Amino acid sequence: MASISQGEYPPELSREEEQYLLSELKDWSIAHGLAVRPAPSFVQPSQDPSGVLATTAPVTVFPSLFPRSCFEEGLAIQRAYNELYSAIARDEKWLQGIVEELIEIDDFVGKLWQTHLAVKKEGYVQDLSLGLFRSDYMVHKDPAQPDATPGLKQVEFNTIASSFGGLSSQVSALHRHLLTLDAYPSSTSSVIKADALRQSKSASSLAKGLAVAHKAYGSSRTGRPLCVLFVVQDPERNVFDQRHLEYALLEEGGVRSFRLPFGETLSHTSLASDQTLIYTPPNSPSKSFEVTTIYFRAGYSPDDYPKEEDWTARLLLEKSRAIKCPSILTQLAGCKKVQQVLATPHSPHLKRFISNVEVASRLLTTFAPIYPLDDSEAGKEAKKLATDVSSATRYVLKPQREGGGNNIYRKAIPPFLEKLPPTHWPAYILMEMIEPPPLKNAILRNGELQRGGVICELGVYGVCLWRDGFGDESKGEILENWEAGYLLRTKGDQSEEGGVAAGFGAVDSCCLVEN
């Protein structure tokens, strides 16, 4: 069979080829934990009352084509991004100026800031912070210049609950496995090559970050055994992604961890007199543990705080001696408003945190133009762009939220703003749309194969452990800093959103190609 070109990728499959490929894909995925709990729309709770079922995570059948130069640049600059956001989290005064623009119009940001101030009033007792970050990008190719070299543009920077580090390691291994089994037609041999499939080590690398924080905490102050606490949502469909980190933390780092549903925090944790955090497992109430590190996989959305007691729980955790991943200040550093302030054209703020001109320049090249919707000159111009249907088609409107399903796109922006009180407009940022080159792939979701055009989003993970300096950023310092693997998320090109857990995207891996 003749080899196909990149433009013909992926190939059409015969019925027999498709059956073999999908059979191997589904079995390998379940056997290796490339899985999620089924959505209620797929399996109704009444059919699985005990919550024992799992299904293959939404996954691409083929690895997606991705420019090698863009991929390598994303990995290469992650340490600089870690440095940038750890510096922002340490600079409380600068961050306060950003947050105070939001607290009157965004209750969630306001409550986070109030919690920080409450802890500050009593006095922070832990000077170390951990970031398990993810910087998300798309390949941008100006459609007006067909011969333009593709470049990498940042979609957003995630400072809390940077998910899919566990599954991304598995999906890159899956695609390599399918290649080894000759599950891909021989016509793809000119495109899918072993050295083009880049394995992601994100699960072990992120677990190593938690282990480093655990060690940096030091010895037990109470004589109890030490542990890491995963604070999670309940129920959690994406549990296996988190489990991969838990298992790697134990098997590779020898560190015990526990899962604590955020809503049960006050029932199972307490503070000793010196603010040491004590966790008592409900299954073994006679044995308690001293918590070294809190890894938040919940707490990033207002939906996680339905009761006032949930804010009391967050305050208890923040007051504790445990190392937070992230701290509230680090979570606030991930606000879209921070990204906008850094990326607004001619912004002077980046050099405040990155003194190296060359490094700052490399970061700047990944910024897509972002504007405020306030009364500044840039904001007034952005309001004109956002309210005009003809110009709004080039933009996306983003609130200060993590997780999928929150953004407003293109022609939907003007009518959305028309219904929103103008006093609330500054809670949003206006970002120029990134224009990725056209690609095709097939996505397996809930047992159904969906073929067609796709858009890919590269997430690069980073680990950073730093000393805060207790309000004096000059005393802060980075102790550990590394790039921690990658995630590729892929969605149909008719979908604006890309969140896998939110039901929009699929996990994928990179097949690196020259531009």
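The protein chain is annotated in an unreviewed UniProt entry as Glutathione synthetase of Dothidotthia symphoricarpi CBS 119687.

### Some remarks on the overall build of the protein chain
Scanning the protein chain from terminus to terminus reveals 17 helices and 21 strands. Over its C-alpha trace the protein chain gives a radius of gyration of 23 Å, about what one expects of a compact globule, namely 24 Å for 515 residues. Scored against the burial criterion, the 515 residues of the protein chain give a buried share of 57%. As presented, the protein chain carries roughly 21,700 Å² of accessible surface, and 50% of it is formed by carbon and sulfur atoms. For the protein chain, the separation between the mean place of its 53 positive charges and that of its 64 negative charges on side chains is 3 Å.

### A look at the UniProt feature "binding site: Mg(2+)" (unreviewed entry) in the protein chain
Taken from the UniProt record, the annotation "binding site: Mg(2+)" (unreviewed entry) applies to Glu156, Asn158 and Glu402. When you line up the elements, glutamate 156 lands in strand β6 (residues 151-158). Given the relative accessible area of 15%, glutamate 156 is considered buried. For glutamate 156, the residues in contact, after removing those within four places along its chain, are Arg134, Ser135, Asp136, Lys336, Gln339 and Lys398.

### Let's talk about unusual backbone geometry
Proline 235 follows aspartate 234 through a cis peptide bond whose omega is 5°. Mapped onto the elements of the fold, proline 235 is located in the loop between β7 (226-232) and α8 (239-253). Cis geometry marks the peptide bond from cysteine 325 to proline 326, where omega comes out at 5°. Considering the arrangement of structural elements, one finds proline 326 in the loop between β12 (323-325) and α11 (328-333). Here the phi dihedral of glutamine 275 falls at roughly 70°; this positive angle occurs in a residue that is not glycine. As for its placement among the helices and strands, glutamine 275 is situated in the loop between β9 (269-271) and β10 (277-279). With a phi angle near 50°, asparagine 446 is a residue other than glycine that sits in the positive phi range. Of note, asparagine 446 is situated in the loop between β17 (439-445) and β18 (448-467).

### Section: the pattern of salt bridges
With the rule as written, the count across this model stands at 22 salt bridges. When the shortest N-O distance is used, the salt bridge between glutamate 92 and lysine 120 registers 3.0 Å. Of this pair, glutamate 92 sits in helix α4 (residues 92-99) while lysine 120 sits in helix α5 (residues 107-122), and the two are 28 residues apart along the sequence. The structure contains a network of salt bridges with shared partners spanning Arg134, Asp136, Glu457 and Arg489.

### Describing the environment of leucine 444
Within the secondary structure, leucine 444 sits in strand β17. The exposure class assigned to leucine 444 is buried, which follows from its relative accessible area of 4%. Excluding residues that lie within four positions of it along the chain, leucine 444 makes contacts with Leu25, Lys26, Ala57, Pro58, Val59 and Leu449.

### A look at the sheet that holds strand β14 (residues 395-398)
Strand order in the open sheet formed by 4 strands is β13-β16-β14-β15, with antiparallel pairing between adjacent strands. Looking at which strands have only one partner, the edges of the open sheet turn out to be β13 (370-372) and β15 (408-409). Across 4 bridges, β14 lies against strand β16 (residues 429-432) in antiparallel orientation. Of the residues in β16, the one forming a bridge with tyrosine 395 is glutamate 432. Of the strands in this sheet, β13, β14 and β16 are in contact with helix α12 (residues 336-343), which crosses β13 at around 110°. The strands touched by helix α15 (residues 377-387) within the sheet are β13, β14 and β16, with β13 carrying the most contacts at an inclination of about 105°.

### With respect to the packing of aromatic side chains
The description of an aromatic ring pair uses the distance of the two centres, along with the angle that the planes make with each other. Evaluated as defined, the whole model comprises 17 aromatic pairs. One aromatic cluster is present, formed by Tyr81, Tyr85, Phe133, Tyr137, Phe157 and Trp466 through successive ring pairs. Sitting over the ring of tryptophan 482, lysine 208 keeps its end group 4.7 Å from the ring centre. Sitting over the ring of phenylalanine 296, arginine 314 keeps its end group 4.4 Å from the ring centre.

The rules behind each value
- Residues numbered from 1 in each chain as written.
- Predicted model: local features only at pLDDT ≥ 70, side-chain atom pairs only at ≥ 80, totals over all residues.
- Heavy atoms only, no water.
- Helix = DSSP H or I, 4+ residues; strand = E, 2+ residues; numbered from the N terminus.
- Rg over C-alpha atoms; globule rule 2.2 N^0.38 Å.
- Buried < 20%, exposed > 50% of the residue type's maximum accessible area, 1.4 Å probe, protein only.
- Areas by Shrake-Rupley, 256 points an atom, 1.4 Å probe, with all protein chains shown as cover.
- Lys, Arg positive; Asp, Glu negative; His and termini not counted.
- Charge placed at Lys NZ, Arg CZ, Asp CG, Glu CD.
- UniProt positions renumbered as here; feature names shortened; annotations may be inferred.
- Contact = heavy atoms within 4.5 Å.
- Salt bridge = Lys/Arg side-chain N within 4 Å of Asp/Glu carboxyl O.
- Pairing = 2+ DSSP bridges.
- Axes fitted to C-alpha atoms, helices over the stretch in contact; angles between N-to-C directions.
- Phe/Tyr/Trp six-rings, centres within 6.5 Å; stacked < 30°, edge-to-face > 60°.
- Lys NZ or Arg CZ within 6 Å of the ring centre and 35° of its normal.

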